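Summary of structural features
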Amino acid sequence: MVEDKESQNLTISLCLPTLNEEKTIGKEVVLLKSELVDRYPLLDEIAVIDSGSDDNTLEVAQNFGADVYLADDILPDLEPKKGKGENLWKAIYQLEGDIIVYVDADISNIHPRFVYGLVAPLIYRKEVQYVKAFYDRPLAISGEKRASGGGRVTEILIRPLFSLFFPDLTGIIQPLSGEYAVRRNVLEQIHFPIGYGVETSHLIDVYTKFGLHAFAQTDLDQRVHENKSTRALGKMSFGILQTFLKRAKALDIISDMKDYETILRQTQAIDKRYEQKELQIVEEERPPMIEIEAYREKFNRTLS
Amino acid sequence: MNSSFNTILDSLPGIENKAKELKEILLANLAMIGEIPAPTFKEEERIEFLINRFKESGIQRHSIDQVGNGVGIVKGENTDKNILLVAHTDTVFDESVDHTIQIQPRKAIGPGVADNSLGLAVLATLPVFLEQLDITLENNLILMAATRSLGRGNLEGLRFFLSNFDEPIKAGIGLEGVELGRLSHTSIGMRRGEVICRIPEQYDWSRFGDASAILTINDVINRINEIQLPQRPRTSIILGSIKGGSSFTTAREAVLRFEIRSESSGMVEDIHQQIEEIINEISSRSGESIELDIFAQREPGGVPFSHPIVQKTRRIMNQLSIEPRPGPSTSELSAFIDRNIPAITLGITHGSNVREKDEAIDINPIYKGIAQVIGTLQTVDGGYCEKD
């Protein structure tokens, strides 16, 4: 794979977006650097882009040889925003690779396959632009039908929505997985919601701009990470819905829709008292990176 | 000869620095090995990983033998003799335990990380260290990940290899994750076993309240405690664990795990006989079935403190400011002793909570630990450890 990569003069960057990941980041950097930079030079750079951790995430990552950046220090003239999508978007500006691999930093069973499994389709298949991970470990002796193991938000929100409006995209087995590898010329053309909606928006935008054949999926076997609470999943779903509706409106899939609310109301109980908690969640978006002048200057690009 | 050994001593700080430079490779191996569960008799997946590492290092001779040992042989300049570097592959944790390894700047944490994932990681990384340090050896270097070492395994992997490998072995070096400074050169005599007490199905239940496998095991323990142990040769009986019953009702089965240890094999045999008599007596009195199962044993022996391999290794440790702690062990040494092969066991770093799920090792001392192993290897290879 390394030979094929080099024969195409491709460069590959790994971005690990972080916020307080000191427990898992050390192993991710050690393992991926040792195996995929030193032993098999598949990666040209490993960068941690941090949202402002207050634990030792940056020190740990730097100690084991990653390049570390604070998201706020990248493109400092822009008004800073907080969110994982912001880190992913700024990685396009900061990192040099023709391909950028995004891997979440909270994976406790990290393995080199998380990277080589994602970049292989981009190296071997020129038409592939966007490779998405899914996780499935069938029992060796089981021939029975089973669910493909999407998370709760995938099964309750995303799959029903895609089934209604983008049936082609229901073929994406785990649409919300945080691990994907994408060519720069695609990344620079798409919007980046800075919060929960980034994965959903990518799928819709890449699909509408480049077609279904731009996607590939790769089975990374198993991913172990901390489970989120139902309440956290509610917040996530609300952000995703905003992203989705924005696109549905822009693509004229849903007509005559008013501006939607940005307040999520969740109910919580304290002893026997029930109260409603209001949470403002605004899914702000970053424009395609190609629209940023500093980026065009750095990578010698022009607006078409 | 002396100047050459001194050259090795002088090179140790450089080896330590190189080990530090290559820390990511070692720690990556540690994490990947440590996250593969390997309870005794189920070590296949770890061995497969090790063999792949050997292949990637360009080791041409590598194989998995009939008992599952993973072996790689780094060819020496003069291939008549061999040095065997061995680390046991199995751990005390079964597959259901979460084997996630955490890597912090100063510590690595996770089940089995010290015993013996670190030993294996050093074994897997050694070819890289030797290549980077431009070290070639006169003798063949056998890198061996041994299976079936712990508990009922009774060193079966290493014993099998030593019985079937038909080339001469000059010396053996055992690698254990902890403790740095360990310099085991003798093995004490040991027998390891279980006392299993069961209440038979047709038990006389009119003995209301008396019937309990736990009470019977308690009786056995009290009687074992009464056995007179001599001060010389040093002898001990270690009661390792007891298990019995499941709730509030009568316990039908109880198990006591123990080890007899002594500097004298006669004393080990004598205590074994006494425990057998205790069990026969209690069994005939209570009507319960009591079984004594001895499943592992070691014969005492080893190389003396004055042996050049011990003396030279102490000097290597002193040079690296490691405080040497020579002494006996019940590790792999016993298998070497049975075959009259001079051998020592070395520890790589400091650790805590060994054999607990939050087992931890210190990362910084590892570099000294590796320098010590490579220095010892070169010293054996150079012929500085042979008796006059």
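Residues numbered from 1 in each chain as written. Chains lettered and ligands numbered in written order. Predicted model: local features only at pLDDT ≥ 70, side-chain atom pairs only at ≥ 80, totals over all residues. Heavy atoms only, no water.

1. Describing the overall build of chain A
Scanning chain A from N- to C-terminus turns up 10 helices and 11 strands. Relative to the compact-globule value of 19 Å for 304 residues, chain A shows a C-alpha radius of gyration of 19 Å, a close match. Expressed as lengths along the three principal axes of its C-alpha atoms, the size of chain A is roughly 60 × 55 × 40 Å. Here chain A holds 304 residues, and the buried ones make up 53% of them. Long-range contacts, defined as pairs at least 24 residues apart, comprise 73% of the intrachain contacts of chain A with a sequence gap of at least 6. About 14,400 Å² of surface is accessible on chain A, with carbon and sulfur atoms providing 49% of the total. Between the centroid of the 37 positive side chains of chain A and the centroid of its 49 negative side chains there is a distance of 5 Å. (Helix = DSSP H or I, 4+ residues; strand = E, 2+ residues; numbered from the N terminus. Rg over C-alpha atoms; globule rule 2.2 N^0.38 Å. Buried < 20%, exposed > 50% of the residue type's maximum accessible area, 1.4 Å probe, protein only. Contact = heavy atoms within 4.5 Å. Areas by Shrake-Rupley, 256 points an atom, 1.4 Å probe, with all protein chains shown as cover. Lys, Arg positive; Asp, Glu negative; His and termini not counted. Charge placed at Lys NZ, Arg CZ, Asp CG, Glu CD.)

2. Some remarks on the interface of chain A and chain B
If you look at the interface, chain A gives 19 residues, while chain B gives 17 residues. The three residues of chain A that bury the most area against chain B are Lys 27, Arg 39 and Phe 64 of chain A, which together make up 34% of that side's buried surface. For the pair chain A and chain B, the number of links is 3 salt bridges. A salt bridge links Arg 53 of chain B to Glu 35 of chain A; its shortest N-O distance comes to 2.5 Å. For the pair chain A and chain B, the interface holds 5 residue pairs in polar contact (both at pLDDT 80 or more). (Buried area = accessible area lost by both parts, 1.4 Å probe. Salt bridge = Lys/Arg side-chain N within 4 Å of Asp/Glu carboxyl O. Polar contact = N/O pair within 3.5 Å; in protein donor to acceptor, adjacent residues only side chain to side chain.)

3. Side note on the packing of aromatic side chains
Residue and element names in this part refer to chain A. If you walk through the whole model with that rule in mind, you get 11 aromatic pairs over all chains. A ring pair is formed by Phe 165 and Phe 244, whose centres lie 5.6 Å apart and whose planes are at 50 degrees; its orientation type is tilted. Pair noted here: Phe 165 is in helix H6 (residues 152-165) and Phe 244 is in helix H9 (residues 230-250), with a separation of 79 residues, a long-range link. With a relative accessible area of 0%, Phe 244 lands in the buried category. (Phe/Tyr/Trp six-rings, centres within 6.5 Å; stacked < 30°, edge-to-face > 60°.)

4. Comments concerning the domain arrangement of chain B
All names here are of chain B. Here chain B is partitioned into domain 1 (2-187 + 300-381) and domain 2 (189-298). Put simply, the middle of domain 1 and the middle of domain 2, counted by C-alpha atoms, are 35 Å apart. Each side of the interface is counted separately: domain 1 has 12 residues, and domain 2 has 14 residues. Seen at the junction of domain 1 and domain 2, the total is 2 salt bridges. Linking Arg 152 and Glu 194 is a salt bridge whose minimum nitrogen-to-oxygen distance equals 3.0 Å. Our enumeration of links across domain 1 and domain 2 arrives at 6 residue pairs in polar contact (both at pLDDT 80 or more). (Domains from an automatic or database assignment.)

5. Some thoughts on a nonpolar patch on the surface
Residues and elements named next belong to chain A. Residues Met 1, Tyr 116 and Tyr 124 make up a contiguous nonpolar surface patch of roughly 280 Å² in combined accessible area. On the secondary structure map, Tyr 124 appears in helix H5 (residues 113-124). By relative accessible area, which is 45% here, Tyr 124 ends up partly exposed. (Patch = residues over 30% accessible without salt bridge, like charges linked within 9 Å, V, L, I, M, F, W, Y side chains within 5 Å.)

6. Topic: the sheet that holds strand S4 (residues 99-102) of chain A
Sheet strands pair via backbone hydrogen bonds, and the direction of the pair is either parallel or antiparallel. All names here are of chain A. The strand order across the open sheet built from 7 strands is S3-S2-S1-S4-S6-S5-S8, with neighbouring strands paired in mixed fashion. Every other strand in the sheet has two partners, leaving strand S3 (67-70) and strand S8 (215-219) as the edge strands with one partner each. Here the strands of the sheet are splayed against their neighbours by 20 degrees on average, with no regard to which way each runs. Against the sheet, helix H8 (residues 198-210) engages strand S5 (130-134), strand S6 (180-183) and S8, with an angle of about 135 degrees to S5. (Pairing = 2+ DSSP bridges. Axes fitted to C-alpha atoms, helices over the stretch in contact; angles between N-to-C directions.)

7. Some details on the sheet that holds strand S16 (residues 351-352) of chain B
The strand order S4-S5-S17-S16 (chain B) describes an open sheet built from 4 strands, whose pairing is antiparallel. The open sheet has two free edges, formed respectively by strand S4 (102-103) and S16 of chain B, since each of these has just one partner strand.

8. Digging into the pattern of salt bridges
Two side chains with opposite charge may pair up if their charged atoms get near one another. A full pass over the atoms with the stated rule returns 42 salt bridges over all chains. Among the salt bridges present, the one from Arg 198 of chain B reaches Glu 253 of chain B, with a minimum N-O distance of 3.1 Å. Taken together, the positions of Arg 198 of chain B in strand S9 (residues 189-198) and Glu 253 of chain B in strand S11 (residues 253-262) put the pair 55 residues apart, joining distant regions of the chain. The partly exposed category is assigned to Glu 253 of chain B, whose relative accessible area is 37%. A salt bridge links Glu 281 of chain B to Arg 223 of chain B; its shortest N-O distance comes to 3.1 Å. Highlighted residues: Glu 281 of chain B in helix H7 (residues 265-286) and Arg 223 of chain B in helix H6 (residues 213-225), separated in sequence by 58 residues. Among the residues examined, Arg 223 of chain B registers a relative accessible area of 23% and is labelled partly exposed. Beyond isolated ion pairs, a larger network of salt bridges with shared partners links Glu 35 and Arg 39 of chain A together with Arg 53 and Glu 56 of chain B.

9. A few points about helix H4 (residues 113-132) of chain B
Residue and element names in this part refer to chain B. A maximum bend of about 45 degrees is found in H4 at Thr 125, where proline Pro 127 lies one to four positions downstream. Burial within H4 is extensive, with 18 of its 20 residues counted as buried. Among the residues trailing H4, Asp 134 stands out with phi positive, at a value near 60 degrees. (Bend = angle between axes of the 7 residues up to and from the residue.)

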